[in-house]
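Observations on chain architecture
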Amino acid sequence: MKELHRLRTKIILPVVIYLIVIGIGSNSFLYAYLLQTVSTKAEHLDRIYLEGVQVRLDRDFAELFSLAALCANDPLVVWTISRGDRNSQERLRDSIKVQDKLSAYLQASPVSSYVNKLILWDEKDLFVQIQGRGIGEPNDYARLQGLPLYTQYKRGTGWRTGFGPPVTALTQRPDAYSIFFPVQGYNNTPEGFIYLEAGLDMIIAVFKEYGMMPGLSAITENGNVISPAGLLEPSEPLWISHTDGLRFRRNRRNFRLDMQPLENAALFLRNEVDITELRRDDRDIFYTVLVAILSSLLAAAGLALTLSYTLTKPIQHLVSRIKKIGDNDFSYDPVIERSPDEIGQIGRAVNEMSGSIAKLLEEMEARFRQQKRTEIALLQTRINPHFLYNTLDSIQWMAKIQKNTGIADLTRSLINLLRNIAGGSGDFITLGEELCLLEDYAAVMSIRFMGIFELVNRIDPALYYYQIPKLTLQPLVENAILHGIEPSGGFGSIVLEARLAEPYLIITVEDSGMGMSAEKLQSILTQKAGNTGTSLNTIGVMNVHERLRLVYGESCGLSFESEEGLFTRVTVRIYLKEEKKPCSECC
């Protein structure tokens, strides 16, 4: 009985069944793949056949054109058509010579059996017709002038080719392929032309050689269709589309259309391939595989219903629980422990793991908060020199007794400054309190540097109640004095401004000192934080930046702008706190 609850038993039986299903599925895929492969090969073979027809017809049309060019450029033909001072006897003698020469060319041509007419005409007194398949008639002269292709030839300056009615035709059916090729005289101007006419049976004969392509046809530039049965009108069923690779359906059968243009004639080869037969030949195999697949699906459906209550559902609960853990839900879930097999054991282990993770996260969060407080405390000023400002207090009283008001005022400012730095352990003060501290600091530094700077406060008093970290602005003002104004050797000003840009408080400290180069500006915040204070405390500019990022996040901190010899502007970005603290009396 216990063996039935073993996960191994629950897995082996489904695997055996699924292997059968996968076998049937793979055979079905193989069947479909083979059908596709055979179809692709058949399509490739059809295109090879079509390219073979194209090569044959291109060769024949090239032979026709070569025959016309050879006749037009023969020296005897050029001499005869260029000569204008001959009498009737000479004209007859020249015509016979030319006729014999052109007849020899025609007999030597591989396509001579398809040539109906070969005529040399100079439109004056020379009209030589070579015996082809068609017999010359007295009215050939007039019919030749009535051909549409002749009209196109007369309008142009070069040779013309195309499909149209033959010279001997009594109708206008385009049953011939004609060439008008100019004959250049000695003065390099057309003195006449060669007319070459071939029948469409040149094309039909090639079609009949490729009897394995029953849907083969050709489309002329005028839209006429040439099939193995002869010339068809555009309204016949063959006229569907010029799109290569088109699939269409006709008379409950599926067809594919292959197109191939000829290079040496304005003709498109067109092959309609019946792609229905291939699938019909294999339908018995298809039906057999289909029955096997349906049977396998029924078996799989029954198996799925059986396994859904024994294996699938517990695993689904387990997966769902693991996803909740991934979404930071570490609550206890008794459902995943109900199964008496190994899945239940995994569920109990998952619940224990989630509890351990929750406890570990709480400990890590507590450690992080402690570490953050420690880092902030380390970055804060560490001096607490009560003895120092008590001593300074005595000095102030002695100065007052001796009536030295300068020393007394200086000592008082220094006492206030040290008292604000050392007084209390709070990390945050109001902006107003920070400004009070700056005024005392500026008073001390003004005496030290003999009044070479002025501190200009342009901050709206309405912003004095927002809290900022203690000693945020003092290091920036100190840096402006020591590295901006004092090295410039002249008088300068330090301007304080502030504005709200929800959800931030933006404070700027700008000095009119010597500024910084682009290289120094680029590297100022990449230096390692440390004890970079120079006079009053150990909080440097880099420490202020790191302290703001620790307190408010990566979006806050310091940014710098400077132009060498003009100014340096430091922008402080602080995240606004919701509550405000009234400014205490410190000034």
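Note that the structure is a prediction, hence the values are computed from the model and not measured.

A few words now on the overall build of the protein chain. Helix and strand content of the protein chain: 15 helices and 18 strands. By residue count, 41% of the 587 residues in the protein chain fall in the buried class. A sequence separation of at least 24 residues applies to 63% of the contacts in the protein chain between residues at least 6 apart. When the accessible surface of the protein chain is summed, it comes to about 32,600 Å², and 57% of that surface belongs to carbon and sulfur atoms.

Looking now at the pairing of strand E11 (residues 267-274). Burial analysis of E11 places six of its eight residues in the buried class, the great majority of the element. Summarising the sheet, strand E6 (residues 216-220) and E11 pair through five bridges and their orientation is antiparallel. If you follow Ser-217 over to E11, its bridge partner there is Arg-270. Across seven bridges, the pairing between strand E10 (residues 253-261) and E11 is antiparallel. Of the residues in E11, the one forming a bridge with Arg-256 is Val-273. Linking E10 to E11, which pair antiparallel, is a turn of five residues.

Moving on to the sheet that holds strand E15 (residues 492-501). The strand order across the open sheet formed by five strands is E13-E15-E16-E18-E17, and the pairing between neighbours is mixed. Of all the strands in the sheet, just strand E13 (453-457) and strand E17 (557-563) have a single pairing partner and so form its edges. The mean angle between the axes of side-by-side strands here comes to 15 degrees, regardless of whether they run parallel or antiparallel. With eight bridges joining them, E15 and strand E16 (residues 504-511) adopt antiparallel strand pairing. Residue pairing for E16: Ile-494 is matched across the bridge by Asp-511. Seen against the sheet, helix H13 (residues 474-485) touches E13, E15, E16, E17 and strand E18 (567-575) and runs at an angle of roughly 145 degrees to E15. Where helix H15 (residues 541-552) meets the sheet, it contacts E17 and E18, and its direction lies at approximately 140 degrees from that of E17.

Next up on the list: the pattern of salt bridges. Scanning all chains against the criterion turns up 18 salt bridges. The residue Glu-272 makes a salt bridge to Arg-250 at a minimum N-O spacing of 2.7 Å. Note that Glu-272 is positioned in strand E11 and Arg-250 in strand E9 (residues 246-250), a separation of 22 residues in sequence. Across the pair Arg-458 and Glu-497 runs a salt bridge whose closest N-O atoms are separated by 3.5 Å. Of the two residues, Arg-458 sits in the loop between E13 and strand E14 (467-469) while Glu-497 sits in strand E15, which places them 39 residues apart along the sequence. Overall, Arg-458 belongs to the exposed group, its relative accessible area being 53%. Here the salt bridges share partners, and the residues they tie into one network are Glu-43, Asp-46, Arg-47, Arg-247, Arg-256 and Asp-258.

The subject of this paragraph is the nonpolar core. Among the nonpolar cores identified, the biggest contains 48 residues, and Phe-61, Leu-64, Leu-102, Leu-120 and Ile-194 are the most heavily contacted of them. Among the elements that line this core, the one with the most residues is helix H1 (residues 7-72), at ten residues. Counting 41 residues, the second-largest nonpolar core is a separate cluster that includes Ile-459, Leu-476, Val-544 and Val-572.

With that settled, the discussion passes to the confidence of the model for the protein chain. Per-chain confidence: the protein chain averages 78 in pLDDT, with 73% of residues scoring 70 or above. The lowest-confidence element of the protein chain is helix H10 (residues 386-401), averaging 57 in pLDDT; the highest-confidence one is E16, averaging 95. Low pLDDT, under 50, characterises residues 236-240; the stretch is placed with 18 contacts to residues that sit more than four places away or in other chains. A low-confidence stretch, residues 529-538 stays under pLDDT 50, and its non-local contacts, those more than four residues away or across chains, total 30 contacts.

Here we take up helix H3 (residues 88-108). Over its 21 residues, H3 extends 30 Å from the first C-alpha to the last, a length consistent with the 30 Å expected when each residue adds 1.5 Å. All buried positions along H3 are accounted for by Glu-90, Asp-94, Ser-95, Val-98, Leu-102, Tyr-105 and Leu-106. Viewed along the axis of H3, the buried residues span an arc of 135 degrees, placing them on a single side of the element. Exposed side chains of H3 directed beyond 90 degrees from the buried face belong to Gln-89, Leu-92, Asp-100, Gln-107 and Ala-108.

A few words now on the sheet that holds strand E1 (residues 115-121). With antiparallel pairing, the five strands of this open sheet are ordered in space as E2-E1-E5-E4-E3. Since the sheet does not close on itself, it has two edges, and those belong to strand E2 (127-130) and strand E3 (160-164), each with one partner. On average, each strand axis in the sheet is tilted by 15 degrees relative to the strand beside it, whichever way the strands run. Sheet topology note: the E1/E2 ladder contains four bridges and is antiparallel.

By the secondary structure assignment, Asp-258 is in strand E10. Judged by its relative accessible area of 0%, Asp-258 falls in the buried class. At 3.2 Å, the side chain of Asp-258 forms a polar contact with the side chain of Arg-47. Apart from the residues lying within four places of it in its own chain, the contact partners of Asp-258 are Asp-46, Arg-47, Leu-50, Asp-244, Leu-269, Arg-270, Asn-271 and Val-273.

Time to look at the packing of helix H12 (residues 431-448) against H13. When two helices pack together, their arrangement is given by the angle between their axes and by how far apart the axes lie. Relative orientation of the contacting elements H12 and H13 amounts to 25 degrees, with a least axis distance of 10 Å. Our classification of the angle between H12 and H13 gives roughly parallel. Where H12 crosses over H13, the two elements pack in a sense that is right-handed. Contacts from Glu-434, Leu-437, Leu-438, Tyr-441 and Met-445 of H12 reach H13 at Gln-474, Val-477, Glu-478, Ile-481 and Leu-482. Each residue belonging to the contact of H12 with H13 can be placed in one class, and the counts come to seven nonpolar, one polar and two charged.

With that out of the way, let us pick up H15. One turn of an α-helix holds 3.6 residues; hence residues three or four places apart share an orientation. The first and last C-alpha atoms of H15 sit 17 Å apart over twelve residues, in line with the 16 Å expected at 1.5 Å per residue. Along H15, nine of the twelve residues are buried, which leaves the element largely enclosed by surrounding structure. Among the residues making up H15, those that are buried are Val-541, Met-542, Asn-543, Val-544, His-545, Arg-547, Leu-548, Val-551 and Tyr-552. Phi turns positive, to about 110 degrees, at Gly-553, one or two residues after H15.

Next up on the list: the packing of aromatic side chains. Evaluated as defined, the whole model comprises 18 aromatic pairs. Taken together, a centroid distance of 6.3 Å and an interplanar angle of 80 degrees make the contact between Phe-61 and Phe-163 edge-to-face. Of this pair, Phe-61 sits in helix H1 while Phe-163 sits in strand E3; the two residues are 102 residues apart in sequence, bridging distant segments of the chain. Residues Phe-61 and Phe-163 agree in their burial class; the two are buried.

Rules used throughout
Residues numbered from 1 in each chain as written. Predicted model: local features only at pLDDT ≥ 70, side-chain atom pairs only at ≥ 80, totals over all residues. Heavy atoms only, no water. Helix = DSSP H or I, 4+ residues; strand = E, 2+ residues; numbered from the N terminus. Buried < 20%, exposed > 50% of the residue type's maximum accessible area, 1.4 Å probe, protein only. Contact = heavy atoms within 4.5 Å. Areas by Shrake-Rupley, 256 points an atom, 1.4 Å probe, with all protein chains shown as cover. Pairing = 2+ DSSP bridges. Axes fitted to C-alpha atoms, helices over the stretch in contact; angles between N-to-C directions. Salt bridge = Lys/Arg side-chain N within 4 Å of Asp/Glu carboxyl O. Core = buried A, V, L, I, M, F, W, Y, C linked by side-chain atoms within 4.5 Å. pLDDT = per-residue confidence, 0-100. Expected span 1.5 Å × (residues − 1). Arc of directions from axis to C-beta. Polar contact = N/O pair within 3.5 Å; in protein donor to acceptor, adjacent residues only side chain to side chain. Parallel < 35°, antiparallel > 145°, perpendicular 65-115°, else oblique. Left-handed = near helix turned anticlockwise from the far one by under 90°. Nonpolar A, V, L, I, M, F, W, Y, C, P; charged D, E, K, R; others polar. Phe/Tyr/Trp six-rings, centres within 6.5 Å; stacked < 30°, edge-to-face > 60°.

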